[in-house]
Amino acid sequence: MNRLGRRRMSEKVGLVGYGIMGAAMAPKLIGKGYEVLVYDVSADAASRARRDGCTVCETLIEVAQRARVVVISLPKPEHVTSVVREGNDCLLAGASEGSVFVDTSTVDPETSRRNAEAGAAKGVGYLDSPVLGRPSACGNWTLPTGGEAKHIRIAEPVLESFAAKIVHVGASGQGNTLKLLNNLMFGTINSITCEIFALGERLGMEPKLLFDTISNSGAGTVSKLFQELGPKIVAQEFTPNFTIDNMHKDVGLGLKLAEQCGMTLAIGNRVQEQNKLAQEAGLGREDTAALVKIYQDASTRKGSA
């Protein structure tokens, strides 16, 4: 085994949150020789982590005490704030000076800035490094990263286990800013894709023919997201890669950023209205492609009026 391999075999990496994204990262980290210390409040998630070869910790303090670099992957800003700096059992309660926390969650920039300030008071680095990429693309992700360059250098060997690019985009919060801009586009592409399939069906166009023709055309409208959503809509199979609940959360955070700088996003607000309708229809935990059901229902209602 080479020197790098021997070094990593003795290194421990913390991973807080073992959902879809955390579970995608863990095998990549293990494959590079790291021992992965997992904390998750869900007993089922902890059991999955153990089966996947991770070491499960009972407390956040234990994770922070045993790992210099801790990766965080959680659903909402309040979850990230809680594990980082709230209560007696938080990461900062166990972290030593020189540690680095890397938050790969999609949260608002202010949450990251406040966590970075709390970390700095203890000599702990904090990076907001949300994921650009789907779970299946783990290993080829891009991580737009906000924070100090010296902390990126410490965390970089860990992050390179599951990301192809780590891009320093500025101070704390700027990684989140870039991710939210991306997800505003995501929401728009998702909505128009679902809408055109519903319209095509209304006009008598067979969905598979519509998808196959466009996706194989070389047209400028063909995106990776269209390529992913189309087969789900054709098959009416909506097992989530990314849920409507998550989309609603991310678009909402993006709209708040726009409001804070005096902009009104006409398209973004319209997209969010549709996301909210989908949640109200009980589709929140389904893939974002399930938004097509809202447009199909609207077409049906209009046609029967």
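Each value, and the rule that gives it
- Residues numbered from 1 in each chain as written.
- Predicted model: local features only at pLDDT ≥ 70, side-chain atom pairs only at ≥ 80, totals over all residues.
- Heavy atoms only, no water.
- Helix = DSSP H or I, 4+ residues; strand = E, 2+ residues; numbered from the N terminus.
- Buried < 20%, exposed > 50% of the residue type's maximum accessible area, 1.4 Å probe, protein only.
- Contact = heavy atoms within 4.5 Å.
- Areas by Shrake-Rupley, 256 points an atom, 1.4 Å probe, with all protein chains shown as cover.
- Phe/Tyr/Trp six-rings, centres within 6.5 Å; stacked < 30°, edge-to-face > 60°.
- Salt bridge = Lys/Arg side-chain N within 4 Å of Asp/Glu carboxyl O.
- Lys, Arg positive; Asp, Glu negative; His and termini not counted.
- Polar contact = N/O pair within 3.5 Å; in protein donor to acceptor, adjacent residues only side chain to side chain.
- pLDDT = per-residue confidence, 0-100.
- Expected span 1.5 Å × (residues − 1).
- Pairing = 2+ DSSP bridges.
- Right-handed = clockwise from strand over helix to strand, strands pointing away.

### Examining the overall build of the protein
In terms of regular secondary structure, the protein is built from 14 helices and eight strands. Split into buried and exposed, the 305 residues of the protein put 47% on the buried side. Across the protein, every contact between residues at least 6 apart in sequence was considered, and the portion connecting residues at least 24 apart equals 67%. By element, 53% of the accessible surface of the protein is carried by carbon and sulfur atoms, the whole surface being about 14,600 Å².

### Observations regarding the packing of aromatic side chains
Scanning the entire structure with this criterion turns up four aromatic pairs. Here Trp141 and Phe162 contribute two aromatic rings whose centre-to-centre distance is 5.9 Å and whose plane-to-plane angle is 70°, an arrangement assigned as edge-to-face. Of the two residues, Trp141 sits in strand β7 (residues 141-146) while Phe162 sits in the loop between α8 (149-159) and β8 (163-170), which places them 21 residues apart along the sequence. Ring plane angle 25° and centroid distance 6.1 Å describe the contact between Phe197 and Phe226, whose orientation is recorded as stacked.

### Examining the environment of Met25
Considering the arrangement of structural elements, one finds Met25 in helix α2 (residues 20-31). A sequence separation of 46 residues divides Met25 from Val71, and the C-alpha atoms of the two residues are 9.6 Å apart.

### Comments concerning the pattern of salt bridges
Under the definition given, this model contains twelve salt bridges. Arg134 is the salt-bridge partner of Glu228, the closest N and O atoms lying 2.4 Å from each other. One end of the pair, Glu228, is in helix α11 (residues 224-235); the other, Arg134, is in the loop between β6 (125-128) and β7, and 94 residues separate them in sequence. Taking the relative accessible area as the measure of exposure, Glu228 reaches 22% and is therefore partly exposed. Among the ionic pairs, Arg270 bridges to Glu273, the shortest N-O distance being 2.8 Å. Remark: Glu273 and Arg270 occur in helix α13 (residues 266-280); sequence separation between them is three residues, near one turn of the helix. Judged by its relative accessible area of 48%, Arg270 falls in the partly exposed class. Since its relative accessible area comes to 42%, Glu273 is described here as partly exposed.

### Comments concerning the side chain of Asp103
With respect to the helices, strands and loops of the structure, Asp103 is situated in strand β5 (residues 100-103). At 8.9 Å, Lys249 is the nearest oppositely charged side chain to Asp103, a buried residue that forms no salt bridge. At 2.6 Å, the side chain of Asp103 forms a polar contact with the side chain of Ser105. In this view, Asp103 contacts Ile72, Val80, Tyr126, Leu127, Asp128, Ser129 and Pro130; residues no more than four positions away in its chain are not counted.

### Observations regarding the confidence of the model for the protein
Here the protein shows a mean pLDDT of 94. Residues at 70 or above account for 94%. Taken as a whole, residues 1-9 scores under 50 in pLDDT and shows seven contacts with residues more than four places along the chain or in a different chain. Taken together, the stretch residues 299-305 has pLDDT below 50 and engages in three contacts with residues farther than four places along the chain or on a different chain.

### Describing helix α7 (residues 109-121)
Think of an α-helix as turning once every 3.6 residues; residues three or four places apart then point the same way. In a regular helix each residue adds 1.5 Å, so 13 residues correspond to 18 Å; α7 covers 19 Å between its end C-alpha atoms and thus fits that length. Looking at the buried positions of α7, the neighbouring elements they touch are α5 (77-85), α6 (91-94), β6, α9 (174-202) and α12 (244-260). Gly123 sits one or two residues past α7 and shows a positive phi near 75°.

### Section: the pairing of β7
Counting buried positions along β7 yields five of six residues, so the element is predominantly enclosed. Examined bridge by bridge, β7 and β8 share six bridges and lie parallel to one another. From the neighbouring strand, Leu143 faces β8, where its bridge partner is Ile166. Once you follow β7 into α8 and on to β8, the crossover reads as right-handed.

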